[in-house]
Structure formats: C-alpha cells, structure tokens
Amino acid sequence: RRAVLCGTAVGRHGDIASGKCEVRDVGDVGLGMVALESIRAGELLFSEAPILSMPTSTKAEGDRPTLGEQAALASDLLSKSDASAQAKFWELSDSFWPQQKTVAGIFQTNGMEAGGRTRVFSAISRLNHSCNPNVNRAWQEDEGVMALRATRDIEVGEELCTSYIFPLYYSAAERQAKLQSNWKFVCRCTACTQSGDARAQSDKARKELAVKVCKLGVFRETMLTTPPDAAVLSTFEENLWEMVADTGELLKVEFGPNPALLANLFFDALQVAEALGCEGSATELAQLALDASCRAE
C-alpha cells in the first residue's frame, strides 16, 4: 500500500479531503505539524506507512538492543531502502548530534514503537510532543500504516502534538526529566508551562490518576485470586462503576475528552468486571471501550 501524507487516508479509513495539515516551521522547536482547517474530535487526519522499521527487541530473551546494535541494524536497513526513503530519513531531526546527523541519532529521535517494532515516519515523526496531546496515533497492523486522529476539536493554525511518553500520569518535573533524558529537549506545552496553584493542581490530578489506574489493576488481581461471595458481589460491582466514573471525570478535567485514555480506562475496568463474573457490566464496558477506541484509532 502507498504511504499517505497530510491529506488522504487509505484502506478502511476511506478518502479524506486533502490539505488538513502541513509540516512547517513552528518557532523555537523547529518544524512541526499545523492544522490547515478546523478538525473535529475523532476525525482522521491521515495515515502513513513507515520509511524504516525494525524489531523493538532483537534478542531471544526479549531485551532491547544496545544503542550500537540499534545503529548497526538501522544503518543496514537504510542502506537497503530506496533513494526516496533514504532522502526522507535524512531530512528528519537528530536531537543527539544535530550538527552532524547520524543514523542512530535520527532513529532514536524519531522512532515510534508500534506493533512490536520501532518505526520511523516521514510525516508522523515530525509531530512534536505535548503532555496534553491533541492527536493520537494508532498502528493499523492489517494495513501497515499509522493512523492519526484528533483527540479533541482543533482550530485552524493550531499545532498538532502527540505524546512521546506513556502513561502521562507523571508530575511536570518527572515528565521533563524523561523528555530531557530520552529526547534532549525541555517541554513547553500548556501543561508544563503552568505555574503556582495551576501546576500544583495538575500534578495532583495526574498523581491521583496514577493511583486510580493502579487500584484498578490491584482490584482485578484480587478478584482473580479471591473471588467475592455472591452476597457482596453487587457491592463490588458498584465500587467498580464508581471507580470508572471518578477516574473518567478526572481524565476529562486534566486531558479533555481524550478517547485513547478513556479506552484504556474502560478496557482495564472490563478486565475487572470479567474477573468478577459480572457479565452485564462486562458487556457494557466492552462497548464503551470499543466506542472510545473507534474515536482514537
């Protein structure tokens, strides 16, 4: 299948009007992707095939390759690519050796994990990071493309940003440390440039989200090992829905109606419902997870 850049989607996504976005200079951070028209939440922007792809793990025991091994493999794959793919690869940024680009630096700066492989894209790799992203990327294994959808309504001229880190439930200081270590930049998104009470409130909300998501996992493991008596099953089921409602509301306050984050929440809760043996709740949560996933992917 052909790669599709900034305009037309392929396969099951259908045709999308061209000119939704473009790569341009966005100031201090260099190049970025900008909306050329108003985009609705859940709308597909485009899909794209990678220009370079290699296994995230190349060792039998599942360990990640060293930087040297990664560079050697990337160089070998690049040398076997056609001239167009090589040219697009060398146009990408290198955060590690910007004055004299290297294959390893470009790959480490632009590679995105998807479907068990690390992939580099001509357009999607141009997306800058935000700790409150307005687009979500999702790998479509059947078509071999990465799809990009809006997580909320986006205005003309607004930069399109994804998240480089997951989950996003770290404090601003923790996120900055991860971004500096892995990509060599200081994040200046709306979440990170807050100060005073606003920043403290955001950090508190994300910490609470991390705790709530962890509790869902613990809840599931507990139900698998020690199923509740039938007499108290309804109480556990009510507690589950309260957790979903509380977590979902906090997600919307901190991130807006981000369907990817909501899909993860509903899927985690679905696993708890299945562990409890609550078929009705499991069916309802499965539908909620499906609906959110369709808006995200």
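Student: How would you summarise the overall build of the chain if you had to cite specific residues and measurements?
Tutor: Across its full length, the chain holds eight helices and 10 strands. Taking the principal axes of its C-alpha atoms as reference, the chain extends roughly 70 × 45 × 40 Å. Residue pairs at least 24 apart in sequence account for 63% of intrachain contacts in the chain once pairs closer than 6 positions are excluded. Of the roughly 14700 Å² of accessible surface on the chain, 51% is carried by carbon and sulfur atoms. Within the chain, the 40 negative side-chain charges are centred at a point lying 5 Å from the centre of the 30 positive side-chain charges.

Student: Account for the sheet that holds strand S4 (residues 52–55), naming residues and giving values.
Tutor: Across the sheet, which stays open at both edges, the three strands sit in the order S4-S6-S5 with antiparallel pairing between neighbours. In this open sheet, the two strands that pair with only one neighbour each are S4 and strand S5 (112–114). For this sheet, the mean inter-axis angle between neighbouring strands, taken without regard to orientation, is 30°. In this structure, S5 lies alongside strand S6 (residues 117–120), joined through three bridges in antiparallel fashion. Within S6, the residue paired with Glu113 across the bridge is Thr118. Helix-sheet contacts for helix H3 (residues 103–110) involve S4, S5 and S6, and the interaxial angle to S6 is about 105°.

Student: Any details on the nonpolar core? Residues and values, ideally.
Tutor: Among the nonpolar cores identified, the biggest contains 37 residues, and Leu240, Leu251, Phe266 and Leu285 are the most heavily contacted of them. Looking at this core element by element, the count peaks at 11 residues for helix H7 (residues 259–276). Once residues within four sequence positions are removed from consideration, Leu285 is found in contact with Leu240, Trp241, Val244, Phe266, Ala269, Leu270 and Ala273. Judged by nonpolar contacts, the second largest core, of 19 residues, contains Met33, Ala123, Val135 and Leu148.

Student: Tell me about the packing of helix H5 (residues 196–225) against helix H6 (residues 230–255), and name the residues and values.
Tutor: Orientation of H5 relative to H6, taken along the N-to-C sense of each, is 155°, at an axis distance of 10 Å. On the basis of the axis angle, H5 is roughly antiparallel to H6. Where H5 crosses over H6, the handedness of that crossing is left-handed. Across the interface between the two elements, Ser202, Ala205, Arg206, Glu208, Leu209, Lys212, Lys215, Leu216, Phe219 and Met223 of H5 pack against Phe236, Leu240, Met243, Asp246, Thr247, Leu250, Leu251, Glu254 and Phe255 of H6. When its residues are assigned to classes, the contact of H5 with H6 shows 11 nonpolar, two polar and six charged.

Student: Talk me through the packing of aromatic side chains; I want residue IDs and the actual numbers.
Tutor: All told, the structure shown has seven aromatic pairs when counted by the stated rule. In this structure an aromatic cluster arises from ring pairing among Tyr164, Trp183 and Phe185. Directly above the aromatic system of Tyr170 lies the positively charged group of Lys178, at a separation of 4.6 Å from the ring centroid.

Student: Could you give an account of the pairing of strand S1 (residues 21–25), with specific residues and numbers?
Tutor: In terms of strand pairing, S1 meets strand S2 (residues 31–35) through five bridges, oriented antiparallel. Along S2, the bridge assignment pairs Glu22 with Val34. Counted along the chain from S1 to the antiparallel partner S2, the turn is five residues long, and its residue Gly27 has a positive phi close to 105°.

Student: Give a detailed account of the pairing of strand S9 (residues 145–150), specifying residues and quantitative values.
Tutor: Within a regular strand, side chains alternate between the sheet's two faces. Among the six residues that make up S9, six are buried, leaving the element largely enclosed by the rest of the structure. Where burial is concerned, the two faces of S9 agree: the one with Val145, Ala147 and Arg149 and the one with Met146, Leu148 and Ala150 are both buried. The pairing of strand S3 (residues 44–48) with S9 spans four bridges and is antiparallel. In the strand pairing of S9, Glu48 is matched with Met146. Inspection of the sheet shows strand S8 (residues 135–140) paired to S9 by six bridges, in the antiparallel sense. Among the inter-strand pairings, Trp139 is bridged to a residue of S9, identified as Met146. Between S8 and S9, which pair antiparallel one after the other, the connecting turn spans four residues, and Gly144 there sits at a positive phi close to 70°.

Student: Describe the environment of Leu276, with residues and values.
Tutor: Structurally, the position occupied by Leu276 is in helix H7. Between the C-alpha atom of Leu276 and that of Pro227, which follows or precedes it by 49 residues, the distance is 6.7 Å. When near neighbours in sequence (up to four residues on either side) are disregarded, Leu276 contacts Phe219, Met223, Pro228, Leu233, Phe236, Glu237 and Leu240.

Student: A description of H5 should follow, citing residues and the corresponding values.
Tutor: The terminal C-alpha atoms of H5, which comprises 30 residues, lie 44 Å apart, in line with the 44 Å expected from a rise of 1.5 Å per residue. Contacts made by the buried residues of H5 are with helix H4 (172–183), H6 and H7.

Student: I'd like a description of the pattern of salt bridges, backed by residues and values.
Tutor: On inspection of all chains with the given rule, the structure shows eight salt bridges. When the shortest N-O distance is used, the salt bridge between Glu37 and Lys20 registers 3.5 Å. Of the two residues, Glu37 sits in the loop between S2 and S3 while Lys20 sits in the segment before S1, which places them 17 residues apart along the sequence. A salt bridge links Glu43 to Arg40, with the nearest nitrogen and oxygen atoms 3.7 Å apart. By relative accessible area, which is 61% here, Arg40 ends up exposed. Through salt bridges that share partners, Lys20, Glu37, Arg40 and Glu43 make up one connected network.

Quick notes on the rules
- Residues numbered from 1 in each chain as written.
- Predicted model: local features only at pLDDT ≥ 70, side-chain atom pairs only at ≥ 80, totals over all residues.
- Heavy atoms only, no water.
- Helix = DSSP H or I, 4+ residues; strand = E, 2+ residues; numbered from the N terminus.
- Contact = heavy atoms within 4.5 Å.
- Areas by Shrake-Rupley, 256 points an atom, 1.4 Å probe, with all protein chains shown as cover.
- Lys, Arg positive; Asp, Glu negative; His and termini not counted.
- Charge placed at Lys NZ, Arg CZ, Asp CG, Glu CD.
- Pairing = 2+ DSSP bridges.
- Axes fitted to C-alpha atoms, helices over the stretch in contact; angles between N-to-C directions.
- Core = buried A, V, L, I, M, F, W, Y, C linked by side-chain atoms within 4.5 Å.
- Buried < 20%, exposed > 50% of the residue type's maximum accessible area, 1.4 Å probe, protein only.
- Parallel < 35°, antiparallel > 145°, perpendicular 65-115°, else oblique.
- Left-handed = near helix turned anticlockwise from the far one by under 90°.
- Nonpolar A, V, L, I, M, F, W, Y, C, P; charged D, E, K, R; others polar.
- Phe/Tyr/Trp six-rings, centres within 6.5 Å; stacked < 30°, edge-to-face > 60°.
- Lys NZ or Arg CZ within 6 Å of the ring centre and 35° of its normal.
- Expected span 1.5 Å × (residues − 1).
- Salt bridge = Lys/Arg side-chain N within 4 Å of Asp/Glu carboxyl O.

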